[in-house]
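# Analysis of the macromolecular model
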Amino acid sequence: MPDIAGFDAVTLSVFAALVLLSVAATTVTLVKVVQFAMLGLGRKRQAAQVLAHKLAGRLDAALVAALAGKGVKMRVLQAVLAAQTQRLDATDWAEEVGRQAALSELAAMGRWMRVLEAVVQAAPMLGLLGTVVGMIDAFGTLAQSTGGVDPALLAGGIWTALTTTAIGLSIALVFYFVAIWLEGRIESERQDLEALLSVAVHGSVAGPSGGG
């Protein structure tokens, strides 16, 4: 393995950029995991209890239960139930209030996700840049040699090329699946919120169920 001190400035810059991309993507991932936990993604028990009050005709009790809860679903239910309390017959208005609350929550959930998308796209390109630099260095060494070529020098440039490519692809692959997982959780929550709105506004039985 060649000594890192032997790398040129461009190659070192590529390695540094890959490290920064990895750190940025890891930071965003941790922030999103903590955020989703605090928002209560996937938890449906409290929402089901609120909807049980609503379907039984106990609107005031449903609103009190919603106000006592925490998380995305409870805030959306708070908005819908508060609107219904103010205007009992304004179903469309209550639905619109709930939809706007849901859109606001979904926007917050999607914040910083573009950083992961950027890392997935940029990491392979940086790796490719390292490949090009390494191969230029390797063939430059070969072209300048008037006699026998030192295999160690030639291998050093090739090793650099392969290493940056491997690192770039590894970073992209890991955070590609991380982004898919996080986006899947957001999409699942979006579907849950749509079901909540349907139950809270129209009394549909296709509401969220389960525990958590």
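Further remarks concern the environment of valine 178. Here valine 178 shows up in helix H7 (residues 151-202). Distance from valine 178 to leucine 116, taken between C-alpha atoms, is 8.3 Å for residues 62 residues apart in sequence. In this view, valine 178 contacts Thr29 and Leu116; residues no more than four positions away in its chain are not counted.

At a minimum axis separation of 7 Å, helix H2 (residues 45-55) and helix H3 (residues 59-68) run at an interaxial angle of 165 degrees. In terms of orientation, H2 lies roughly antiparallel with respect to H3. Considering how the two elements wind past one another, H2 and H3 form a crossing that is left-handed. Each of Val50, His53 and Lys54 in H2 lies in contact with H3, whose residues at this interface are Leu59, Ala61, Ala62, Ala65 and Ala66.

As a further point, take a nonpolar patch on the surface. Together, Leu173, Tyr176, Phe177 and Ile180 make up a nonpolar patch on the protein surface, roughly 410 Å² of accessible area in all. If you trace the backbone, leucine 173 turns up in helix H7.

Among the nonpolar cores identified, the biggest contains 44 residues, and Val50, Leu77, Leu81, Met109, Leu116, Phe175 and Leu193 are the most heavily contacted of them. Residue assignment for this core shows that the elements contributing at least two residues are helix H1 (9-39), H2, H3, helix H4 (72-86), helix H5 (91-110), helix H6 (113-144) and H7. A total of 13 residues in this core trace back to one element, the largest contributor, which is H7. For leucine 77, the residues in contact, after removing those within four places along its chain, are Ala47, Val50, Leu51, Ala66, Leu196 and Ala200.

What the rule picks out here adds up to 7 salt bridges. Salt-bridge contacts for aspartate 192 lead to lysine 73; the nearest nitrogen and oxygen are separated by 3.8 Å. Of the two residues, aspartate 192 sits in helix H7 while lysine 73 sits in helix H4, which places them 119 residues apart along the sequence. The salt bridge partner of arginine 190 is glutamate 194, with a shortest N-O separation of 2.4 Å. On the criterion of helical spacing, the pair formed by arginine 190 and glutamate 194 is a turn pair, its members being 4 residues apart in helix H7. Its relative accessible area of 28% is what places arginine 190 among the partly exposed residues.

This part is about the confidence of the model for the chain. Here the chain averages 84 in pLDDT, and 84% of its residues register 70 or above. Note that pLDDT drops below 50 for residues 205-212; the model gives that stretch 17 contacts with residues more than four away or on any other chain.

Cut-offs applied
Residues numbered from 1 in each chain as written. Predicted model: local features only at pLDDT ≥ 70, side-chain atom pairs only at ≥ 80, totals over all residues. Heavy atoms only, no water. Helix = DSSP H or I, 4+ residues; strand = E, 2+ residues; numbered from the N terminus. Contact = heavy atoms within 4.5 Å. Axes fitted to C-alpha atoms, helices over the stretch in contact; angles between N-to-C directions. Parallel < 35°, antiparallel > 145°, perpendicular 65-115°, else oblique. Left-handed = near helix turned anticlockwise from the far one by under 90°. Patch = residues over 30% accessible without salt bridge, like charges linked within 9 Å, V, L, I, M, F, W, Y side chains within 5 Å. Areas by Shrake-Rupley, 256 points an atom, 1.4 Å probe, with all protein chains shown as cover. Salt bridge = Lys/Arg side-chain N within 4 Å of Asp/Glu carboxyl O. Core = buried A, V, L, I, M, F, W, Y, C linked by side-chain atoms within 4.5 Å. Buried < 20%, exposed > 50% of the residue type's maximum accessible area, 1.4 Å probe, protein only. pLDDT = per-residue confidence, 0-100.

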